[in-house]
Structure formats: structure tokens, C-alpha cells
Amino acid sequence: MHTPSIKTLLASLSPLPSVLVRGWVRTRRDAKGFSFLELNDGSCLANLQCVVDETVPGGDRLKEILTGAAVAVQGELIPSPAKGQQWELKAVSLELIGPAPEDYPLQKKRHSDEFLRSIAHLRPRTNKFGALFRIRSEASFAVHDFFRNQGFTYVHTPILTGSDCEGAGELFRVTALPRGSKEDAAADFFGRDAFLTVSGQLEAEPLALSLGKVYTFGPTFRAENSNTARHAAEFWMIEPEMAFFDLTANMDLAEAFVKAVARHLLDHCAADLALFNQWVDKECLARLTQVADAPFERLEYREAVRLLQAACDAGESFQYPVAFGTDLQTEHERYLAEKKFGKPVFLCNYPASIKPFYMRVNDDQETVAAMDLLVPTVGELIGGSQREERLEVLQARMQAQGLDPAPYWWYLELRQYGSAPHAGFGLGFERLLMFATGIPNIRDVIAYPRTPGSLEF
Ligand code: 4AD
Ligand code: MG
């Protein structure tokens with residue numbers, strides 16, 4: 001028996017005599033002696049209309065089939081007389097695989113984002129989340145395609161680490177709980193503190209300084225207690241790291257990368273993106289197209305501060321004031337990307353005082369070779385830098401930041417054995433999806449969001 005997906009069936013060029021489809025019923029409409037079942041199997045946004053006569057095998061159970069039920073329909077794919085659809089399935093048999101009750105939570109109406117978060121186990125069955133997860137999947141493949149085409153090696157950095165890459169103190173500590181031990185008697189498994197990684201960068205650098213160009217793509221954890229729409233405790237980050245790259249080459253790569261993923265989504269997810277453009281954010285397709293096609297802006301941090309101050313003087317109201325040395329807030333980032341330039345903006349050369357120890361100190365001694373990419377609606381999408389490859393400068397930076405060099409012995413040693421300029425960045429995958437879809441809350445671009453106080457699923 002031929003069991004194509006609904007997506008494949010709806011793209012068929014000719015009628016098919018005998019196919020089997022399985023999926024979940026969106027609606028059932030009854031007529032005299034037969035019913036229409038709108039079936040969705042998650043392969044695409046569209047439903048397949050199945051016309052089921054009461055007299056076919058299994059047809060006697062038609063009236064038990066409510067929204068949400070899992071069914072199998074065998075039949076013939078024929079041209080549909082109905083408007084707006086090319087094909088329908090004329091059933092020769094019906095099987096009710098798993099019934100759903102009358103109070104199935106996903107009845108045919110619009111549900112609030114808050115409600116859907118409370119049913120994270122069911123929300124993938126909605127049009128919106130089906131589309132989102134297909135886009136998320138395509139974007140993942142686009143990431144791998146891009147780096148593979150650019151000659152990168154995909155590497156896997158550890159999730160359990162002993163260091164705080166970003167030095168921001170946002171670590172989750174990991175405790176071993178060997179079988180039978182009491183919680184407070186948990187063995188010190190590693191003989192030292194262990195944490196969930198906040199970034200694979202430090203471990204990726206040695207791989208770049210051996211393999212040339214590498215990238216990671218994996219889960220990342222931050223115990224940020226800020227309950228914002230852009231921060232999750234668990235998110236996915238893409239981190240390329242390249243030997244012999246400076247900050248400009250780093251920005252060039254980041255720009256090409258974001259453009260390639262945007263282009264891939266436009267080319268491969270048109271129907272799913274159209275749903276977001278219609279229902280969530282009427283500008284999201286236009287923005288994505290602009291990202292794919294038009295060059296990004298590049299700006300010194302210093303210049304950005306001047307622009308923000310000028311905007312303030314001209315009446316723009318920010319909650320937080322800006323001066324050289326302030327960490328920009330989302331409101332500032334969004335002002336620059338949305339109002340000032342109306343496109344993605346790289347800010348570079350940030351004050352050393354607000355950036356981590358590993359960033360390369362510039363000749364002015366005041367700034368580091370850092371770059372952030374700010375995009376409309378989201379703010380910071382990428383954070384990256386050229387790394388400090390000079391041992392003495394790195395040691396001085398660590399000392400200035402009060403870091404104990406002991407656990408970083410291997411990181412420092414790398415600066416003694418064939419050290420070389422290198423650079424890299426981290427892109428928050430959920431933020432990229434927020435940008436592509438216009439979804440304003442990070443909780444709605446990941447299947448099981450982890451945020452403060454939320455670990456239900
Ligand atoms: O700017 P960040 O902190 O940079 C780093 O971790 C570097 N070590 C990356 C590197 O150079 N290899 O984080 C990078 C990106 C941010 O720009 C943001 O998009 C995302 O990761 N991000 C988060 N996304 C969701 N929830 C959070 N709590 C995030 N924190 C950072
Ligand atoms: Mg950052």
C-alpha cells in the first residue's frame with residue numbers, strides 16, 4: 001500500500017488509484033449518507049479532504065470521529081469538485097485509530113498564546129505550531145547546508161562544562177545523584193563544580209585552531225532570571241569559529257549566513273511563512289526578503305551611542321540613558337535596527353569594560369573587537385568577536401576581570417602553541433525564528449520552553 005504524506009498527495013500531478021493516509025481529524029462535516037473529514041498529518045499546512053461514505057468498511061464509526069481523533073483512510077485520490085482544492089480522497093475504508101472526546105482542547109477557533117503554552121503537548125497540532133516546527137526544521141537544515149558548503153567541520157562541544165564562558169554568572173550547576181544516595185549526599189562526581197554550558201565557544205576555539213573552520217549547533221543554558229520575551233533558560237545556539245579570521249571577515253561570514261538561511265526559508269517554506277505573514281506579523285515576509293537581498297548596516301558602537309543620544313535629544317524616549325560604556329538595552333537595539341536603519345545592523349568595537357575576557361583588545365586599548373548583529377523586532381541576534389590570541393594580553397584581561405586562570409590552563413596554552421588570529425560568533429536560533437515568523441515571544445518558537453518557573457512538560 002502506498003502511504004504518501006498529505007503534502008506529497010496534494011502535489012500529485014495525476015489521480016492515484018489506491019493510497020493510505022493517516023493523520024488527525026481537524027473537522028468532520030456530515031451530509032446525507034456520507035461525511036467530509038478534513039485530515040492533517042503535519043506534513044504541510046493544508047488538510048486533505050476525505051469523502052467517506054457510511055457504507056464503506058469502518059464507515060459505521062463515522063459519527064464517533066470528532067476533532068482530534070487519529071484515523072487511517074484508504075482510498076482513491078481524485079480531482080475535487082470543491083473550490084480551492086485540487087484533490088480529495090474518496091474513501092474505500094476508514095479506521096478509527098484513536099478517538100478524541102468532545103472536550104478535546106483544540107476545537108476549531110483561535111486560541112490565545114497563553115492557553116496554547118499550557119498545552120504544549122497538543123499545540124503542535126495547530127496550524128500555527130505545525131508551520132513553526134516545519135520552519136524550525138528547515139532552518140536547521142539551512143544552517144548545516146550553509147556551513148557545509150563553506151567548508152566547515154561540524155563539531156560537538158560538551159554540554160557539561162567546568163567554566164563560565166561569558167563570565168556573567170548565569171550558570172546552572174549540575175549535581176550527580178548516584179542511585180541510592182540522598183540528595184544532600186550527592187557525590188562530587190567530577191571532583192569540581194560542573195555546569196551546563198552557556199556557550200561552546202571556549203571548547204570550539206581549539207577545534208578551529210586545528211581544523212580551520214568549525215561550527216557547533218546545540219542546546220545552551222542560561223540561568224537568567226529575567227522574565228523577558230527574548231530569553232529562555234534553554235535555547236539553541238549556532239557557533240562558528242574560524243582560524244585566521246579577523247572581525248571584518250567574521251561580520252562578512254555572519255551576514256552571508258543570515259542571508260542564506262533567510263533565502264532558504266523563503267524558497268522552502270513559502271506556505272508556512274505566509275501563515276505568519278497573514279496572522280502574526282504582516283511585515284515578516286517583507287523583512288525576511290530584505291534580509292536575504294539587501295546589505296546590512298555596519299556601525300561602530302561609539303557611533304551608535306552618538307546616534308542614540310541624538311535621538312534622545314530629538315525627543316525619542318528611552319527607559320535607560322546611554323553613554324559610552326553602557327550595555328545597550330533591547331529598546332536601543334530595536335531603535336537602531338527598526339527606526340534608524342530599518343534593517344539589520346552590526347555594531348562593532350564595544351568598550352572592553354562591558355565585554356568578556358576573551359575578546360581581542362583593540363589598539364585604542366579601550367575597546368575590543370566585538371560585534372553584535374541587531375535586527376528589527378528582536379534586537380540582538382548575534383554576538384561575536386575576534387578572540388584575544390596574545391597570551392600576555394589575555395592574561396592581563398583575565399586578571400583585570402578577577403578570573404582565576406587555573407581552570408583555563410588549556411585555553412591559555414593554546415596561545416603558546418601555534419597561536420593565530422581567530423574569530424567566531426553565536427547566533428540564537430530561537431531569535432532567528434522569532435525574526436523570520438514575527439512571533440514576539442521566545443516561548444512560542446520552541447516546543448517545550450524553559451523559562452523561570454516553567455518546567456511543566
Ligand atoms: O552574545 P552571547 O552571550 O555570545 C556568546 O555566548 C558567545 N560566546 C558566542 C560566540 O562568540 N561563540 O550569545 C549569543 C547569542 C545572542 O546574540 C542571542 O541571540 C542568543 O545567543 N542568546 C539567547 N537566546 C535565547 N535566550 C537567551 N537567554 C539567550 N542568551 C543569548
Ligand atoms: Mg551578547
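Computed from a predicted model, the values in this text were never measured in an experiment.

Analysis parameters
- Residues numbered from 1 in each chain as written.
- Chains lettered and ligands numbered in written order.
- Predicted model: local features only at pLDDT ≥ 70, side-chain atom pairs only at ≥ 80, totals over all residues.
- Heavy atoms only, no water.
- Helix = DSSP H or I, 4+ residues; strand = E, 2+ residues; numbered from the N terminus.
- Buried < 20%, exposed > 50% of the residue type's maximum accessible area, 1.4 Å probe, protein only.
- Contact = heavy atoms within 4.5 Å.
- Areas by Shrake-Rupley, 256 points an atom, 1.4 Å probe, with all protein chains shown as cover.
- Lys, Arg positive; Asp, Glu negative; His and termini not counted.
- Charge placed at Lys NZ, Arg CZ, Asp CG, Glu CD.
- Near = heavy atom within 4 Å.
- Polar contact = N/O pair within 3.5 Å; in protein donor to acceptor, adjacent residues only side chain to side chain.
- Pairing = 2+ DSSP bridges.
- Axes fitted to C-alpha atoms, helices over the stretch in contact; angles between N-to-C directions.
- Salt bridge = Lys/Arg side-chain N within 4 Å of Asp/Glu carboxyl O.
- Domains from an automatic or database assignment.
- Buried area = accessible area lost by both parts, 1.4 Å probe.

Time to look at the overall build of the protein chain. Across its full length, the protein chain carries 12 helices and 16 strands. Taking the principal axes of the C-alpha coordinates as reference, the protein chain spans close to 85 × 65 × 40 Å. Counting across all 457 residues of the protein chain, residues that qualify as buried make up 50%. Nonlocal contacts in the protein chain, meaning residues at least 24 apart in sequence, comprise 67% of its contacts between residues at least 6 apart. As displayed, the protein chain offers around 21,500 Å² of accessible surface, 52% of which is attributable to carbon and sulfur atoms. Positive and negative charge centroids in the protein chain, built from 47 and 59 side chains respectively, lie 6 Å apart.

Below, the discussion takes up the site of ligand 1. Within the structure, ligand 1 sits among 25 residues, and Glu166, Gln201, Glu224, Glu239 and Glu380 are positioned closest to it. Glutamate 224 places a polar side-chain atom, nitrogen or oxygen, 2.6 Å from a nitrogen atom of ligand 1. Here an oxygen atom of ligand 1 sits 3.2 Å away from a polar atom, N or O, in the main chain of glycine 428. In isolation ligand 1 offers 630 Å² of accessible surface; the protein chains occlude 94% of this area.

Within the open sheet, the eight strands sit side by side as β6-β10-β11-β16-β15-β14-β13-β12. Their pairing is mixed. The two strands at the open ends of the sheet, each matched to only one other strand, are β6 (153-154) and β12 (297-300). Relative to strand β16 (residues 422-428), strand β11 (residues 234-243) runs antiparallel, the two sharing five bridges. Its bridge partner being in β16, methionine 242 is matched across the sheet by alanine 423. Relative to the sheet, helix α8 (residues 301-313) contacts β12, β13 (345-351) and β14 (367-375), its axis offset from that of β12 by approximately 90°. Packed on one face of the sheet, helix α9 (residues 330-340) meets β13, β14 and β15 (379-386) and runs near 65° to β14.

To continue, consider helix α4 (residues 201-211). Of the positions making up α4, those classed as buried are Gln201, Leu202, Glu203, Ala204, Glu205 and Ala208. Lining the buried residues of α4 we find β7 (160-161), β10 (213-221), β11, α11 (409-413) and β16. Following α4 by one or two positions, glycine 212 has its phi on the positive side, about 95°.

Topologically, isoleucine 446 is positioned in the segment after α12 (429-437). Of the residues examined, isoleucine 446 reaches a relative accessible area of 8% and is grouped as buried. Along the primary structure isoleucine 446 and leucine 94 are separated by 352 residues, whereas in three dimensions their C-alpha atoms are 34 Å apart. Dropping the residues within four chain positions of it, isoleucine 446 is found in contact with Arg123, Phe133, Arg136, Glu234 and Glu430.

Looking now at the pattern of salt bridges. As a working rule, side chains carrying opposite charge can pair if their charged atoms are close by. Tallied over the full model, the rule gives 25 salt bridges. A salt bridge links aspartate 444 to arginine 123; the nearest nitrogen and oxygen atoms lie 3.2 Å apart. Placement of the pair is aspartate 444 in the segment after α12 and arginine 123 in the loop between α2 (113-117) and α3 (127-149), with a sequence separation of 321 residues. Judged by relative accessible area, which is 1%, aspartate 444 ranks as buried. Beyond isolated ion pairs, a larger network of salt bridges with shared partners links Arg117, Arg123 and Asp444.

The domain boundaries assigned to the protein chain delineate domain 1 (6-98) and domain 2 (123-444). Taking only C-alpha atoms, the centre of domain 1 and the centre of domain 2 are 45 Å apart. Both sides together, the interface formed by domain 1 and domain 2 hides about 570 Å², and carbon and sulfur atoms give 44% of it. Area buried by domain 1 at its contact with domain 2 is led by Trp24, Arg26 and Leu45, which between them contribute 77% of it. Joining domain 1 to domain 2, the criterion identifies zero salt bridges.

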